[in-house]
Amino acid sequence: MKVSLSTAASPGAALDALGVACQGRGLNGIELVLEPGDDLEATAERVRASGVQLVALRVEQLEPSKINPLARLSGALSVPLSVPHDRTGGTSLPELAQRFKDAGGSLLYGVGTDLAQVLSAKAELLKAENPASIGLAWEIRPGSEALSEASAVLLALREHLRLVRLYGGGPEQREQDGRGIGPLFVDLAISGYGGSVVLTPSTPEELPRWGAWLASRKSAGCGSGHPPLGEHELDIRDVEPRDRLSMILGAFGALPRGATLRITLDHDPSCMYYALEESQPQGSFAFRKIGDGPQVWNAEVTKV
Amino acid sequence: MAEIDLDVRVIPPGEKHPAIFRAFDALSAGEAFTLINDHDPFPLRRQFEAMRAGQFEWTYTEKGPVVWRVRIAKNKS
């Protein structure tokens, strides 16, 4: 699977600037969200001029008058267009499939983690005669939707699955802990899914955090209200995963002999133990795990 | 069997390591998956050594600076 970013994360940003932000984050490609007023004829040129790798197009509503221009755009850029399954403006799926096929494009019906919905979309898909030009986009909303049916949904839609859209991830990752994203993505990986996972903000209220996340690789931009900490205390819950180890090893390095560093984390601290074991001389530290989540863990490291 | 790519950058912190072990445990002997992450997962390797000793092969296929990729294979018993 490839992790990509939706332009919904940074509305109004120039595509090439967003491309640079993606590179900084190691993300592969961009989903372009099209607004009702966009000049579709000029969009293909705008994308080519930006040099970004596009993975998909997106509209929140498919207006009947826009079907043909959107189909042509999808064909010209060789990327699928996704639309929520109930926002296709009344045009039947076989009709849509034919029009996208004629333009060399493809259309993806967006479905939630809802088995009944997926089965009904799948039944419609099977009525169309152009399987290459239609498929499903799985829209995963860990913040507002139970993911308990995820395994069954994956089983039902996998042969038609062309795109995954995750409402969250990025700076919202921590609040989505414990919602079942881990097992879901493991199942998705094991199913052999090799397409894109597009990250998109769960709500417009999250946009400032996405802006900060994209602008800085160092800051999670959480702005949380954790109280200031005493000496030899380290709360790394707001630190990005990639920076956590160096912060802990740095704090351990600065610790006087005999002192104890108390660490607060949002995951099992066992990996911190292994990081210390790998990087510090044998017998130079004592490690104690306190508590067992599921939201907060603590660990104490004493320099011997 | 298709290549299995598990990009753990989309998995929240508390679910990352359980997810990785879940993926490994789901492999048959001789199969592998590629772990993709935004930092060097060397502590995880230690954890594998402690919890799945002798059962895995660990091969870096990309070592940063932005993305790390490790192919984790399950040994034939």
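Residues numbered from 1 in each chain as written. Chains lettered and ligands numbered in written order. Predicted model: local features only at pLDDT ≥ 70, side-chain atom pairs only at ≥ 80, totals over all residues. Heavy atoms only, no water.

1. A few points about the interface of chain B and chain A
And then number 1: Counting from both sides, the interface comprises 32 residues of chain B and, opposite them, 39 residues of chain A.
And then number 2: Here chain B meets chain A over a buried area of about 3000 Å², counting both sides, of which 63% is carbon and sulfur.
And then number 3: The largest per-residue losses of area from chain B upon contact with chain A belong to B:Val10, B:Pro13 and B:Arg46, which jointly make up 21% of the total buried on that side.
And then number 4: In this structure, the connection of chain B to chain A is made through three salt bridges.
And then number 5: Across the chain B-chain A interface, the total number found is 14 residue pairs in polar contact (both at pLDDT 80 or more). (Contact = heavy atoms within 4.5 Å. Buried area = accessible area lost by both parts, 1.4 Å probe. Salt bridge = Lys/Arg side-chain N within 4 Å of Asp/Glu carboxyl O. Polar contact = N/O pair within 3.5 Å; in protein donor to acceptor, adjacent residues only side chain to side chain.)

2. Here's the deal with empty space enclosed by the protein
And then number 1: Counted according to the given criterion, the structure contains one cavity of 30 Å³ or more.
And then number 2: Roughly 330 Å³ of internal volume is contained in the largest cavity.
And then number 3: Listing elements by their share of the lining of the largest cavity, those giving two or more residues are helix 9 (241-253) of chain A together with helix 1 (13-26) of chain B.
And then number 4: With three residues, helix 9 of chain A is the single largest residue contributor to the lining of the largest cavity. (1 Å grid on protein atoms, 1.4 Å probe; cavity = no way out; pocket = protein on both sides within 12 Å on 5 of 7 lines; lining within 4 Å. Points joined across faces, edges and corners; volume = space filled by probe spheres on them. Helix = DSSP H or I, 4+ residues; strand = E, 2+ residues; numbered from the N terminus.)

3. Here we look at the packing of helix 3 (residues 67-77) of chain A against helix 4 (residues 93-102) of chain A
Residues and elements named next belong to chain A.
And then number 1: Following both chains from N to C, one finds helix 3 and helix 4 inclined at 50°, their axes separated by 8 Å at the closest point. By the angle class used here, helix 3 and helix 4 are oblique. Considering the relative orientation of helix 3 and helix 4, their crossing is right-handed. Between helix 3 and helix 4, the contacting residues are Ile67, Asn68, Leu70, Ala71 and Ser74 on the first element and Leu96, Arg99 and Phe100 on the second.
And then number 2: Per-class residue counts for the contact of helix 3 with helix 4 are five nonpolar, two polar and one charged. (Axes fitted to C-alpha atoms, helices over the stretch in contact; angles between N-to-C directions. Parallel < 35°, antiparallel > 145°, perpendicular 65-115°, else oblique. Left-handed = near helix turned anticlockwise from the far one by under 90°. Nonpolar A, V, L, I, M, F, W, Y, C, P; charged D, E, K, R; others polar.)

4. With respect to unusual backbone geometry
And then number 1: A cis amide bond links B:Gly64 to the next residue, B:Pro65, at an omega of 5°.
And then number 2: Structurally, B:Pro65 can be placed in the loop between strand 3 (56-63) and strand 4 (68-74).
And then number 3: In this model, A:Ser78 sits at a positive phi of 55°, which is unusual for a non-glycine residue.
And then number 4: Here A:Ser78 lies in the loop between helix 3 and strand 4 (81-84).

5. Let's talk about the sheet that holds strand 11 (residues 285-290) of chain A
All names here are of chain A.
And then number 1: In space, the four strands of this open sheet follow the order 9-10-12-11, with mixed pairing throughout. The sheet terminates laterally at strand 9 (233-235) and strand 11, the two strands that pair on one side only. Neighbour-to-neighbour, the strand axes of the sheet open up by a mean angle of 15°, direction not taken into account.
And then number 2: Two elements, strand 10 (residues 260-265) and strand 12 (residues 297-303), share six bridges in a ladder whose sense is antiparallel. Its bridge partner lying in strand 12, leucine 265 is registered against tryptophan 297.
And then number 3: On top of the sheet, helix 10 (residues 270-279) reaches strand 10, strand 11 and strand 12; it is set at about 175° to strand 11, its chief contact. (Pairing = 2+ DSSP bridges.)

6. A short note on the environment of A:Glu63
Residue and element names in this part refer to chain A.
And then number 1: Examined against the element boundaries, glutamate 63 turns out to sit in the loop between strand 3 (54-58) and helix 3.
And then number 2: Taking the relative accessible area as the measure of exposure, glutamate 63 reaches 39% and is therefore partly exposed.
And then number 3: In this structure, the C-alpha to C-alpha distance between glutamate 63 and threonine 200, residues 137 residues apart in sequence, is 22 Å. (Buried < 20%, exposed > 50% of the residue type's maximum accessible area, 1.4 Å probe, protein only.)

7. Some details on the packing of aromatic side chains
And then number 1: Tallying each qualifying case throughout the model produces 10 aromatic pairs over all chains.
And then number 2: Here A:Trp210 and A:Trp213 contribute two aromatic rings whose centre-to-centre distance is 5.6 Å and whose plane-to-plane angle is 70°, an arrangement assigned as edge-to-face. Pair noted here: A:Trp210 and A:Trp213 are both in helix 8 (residues 207-215), with a separation of three residues, about one helical turn.
And then number 3: Looking at A:Trp210, the relative accessible area reads 0%, which means it is buried.
And then number 4: Taken together, the ring pairs connect B:Phe21, B:Phe24, B:Phe48, B:Phe56, B:Trp58 and B:Tyr60 into an aromatic cluster.
And then number 5: Here B:Lys63 stacks its cationic end above the ring of B:Tyr60, 4.2 Å away from the centre of that ring. (Phe/Tyr/Trp six-rings, centres within 6.5 Å; stacked < 30°, edge-to-face > 60°. Lys NZ or Arg CZ within 6 Å of the ring centre and 35° of its normal.)

8. Quick look at the environment of A:Val301
Residues and elements named next belong to chain A.
And then number 1: With respect to the helices, strands and loops of the structure, valine 301 is situated in strand 12.
And then number 2: Through-space distance from the C-alpha of valine 301 to that of tyrosine 273 is 8.8 Å; in sequence the pair is 28 residues apart.
And then number 3: Setting aside its immediate chain neighbours within four residues, valine 301 contacts Phe252, Leu255, Ala259, Thr260, Leu261, Ile263, Leu276, Phe285, Ala286 and Phe287.

9. Overview of the pairing of strand 4 of chain A
All names here are of chain A.
And then number 1: Because side chains alternate across strand 4, one face comprises the buried residues Leu81 and Val83, and the other comprises Ser82 and Pro84, equally buried.
And then number 2: For strand 3 and strand 4, the ladder comprises two bridges, and the chain directions are parallel. Residue pairing in the sheet places arginine 58 in a bridge with serine 82 of strand 4.
And then number 3: The handedness of the strand 3 to strand 4 crossover, carried by helix 3, is right-handed.
And then number 4: Examined bridge by bridge, strand 4 and strand 5 (residues 107-111) share four bridges and lie parallel to one another. Pairing of leucine 81 across the sheet is with leucine 107, part of strand 5. (Right-handed = clockwise from strand over helix to strand, strands pointing away.)

10. Structural notes on the confidence of the model for chain B
And then number 1: Confidence along chain B averages 92 in pLDDT terms, with 97% of residues attaining 70 or more.
And then number 2: Here the predicted complex scores 0.84 on pTM and 0.89 on ipTM. (pLDDT = per-residue confidence, 0-100.)

11. Focus: the nonpolar core
And then number 1: In this structure, A:Trp138, A:Phe185 and B:Phe33 are the most contacted members of the largest nonpolar core, which totals 83 residues.
And then number 2: For this core, the leading source of residues is helix 7 (residues 181-190) of chain A, giving six residues.
And then number 3: In this structure B:Phe33 touches B:Ile4, B:Leu6, B:Ile20, B:Ala23, B:Phe24, B:Leu27, B:Val70, B:Arg71 and B:Ile72, once residues within four positions along its chain are discounted. (Core = buried A, V, L, I, M, F, W, Y, C linked by side-chain atoms within 4.5 Å.)

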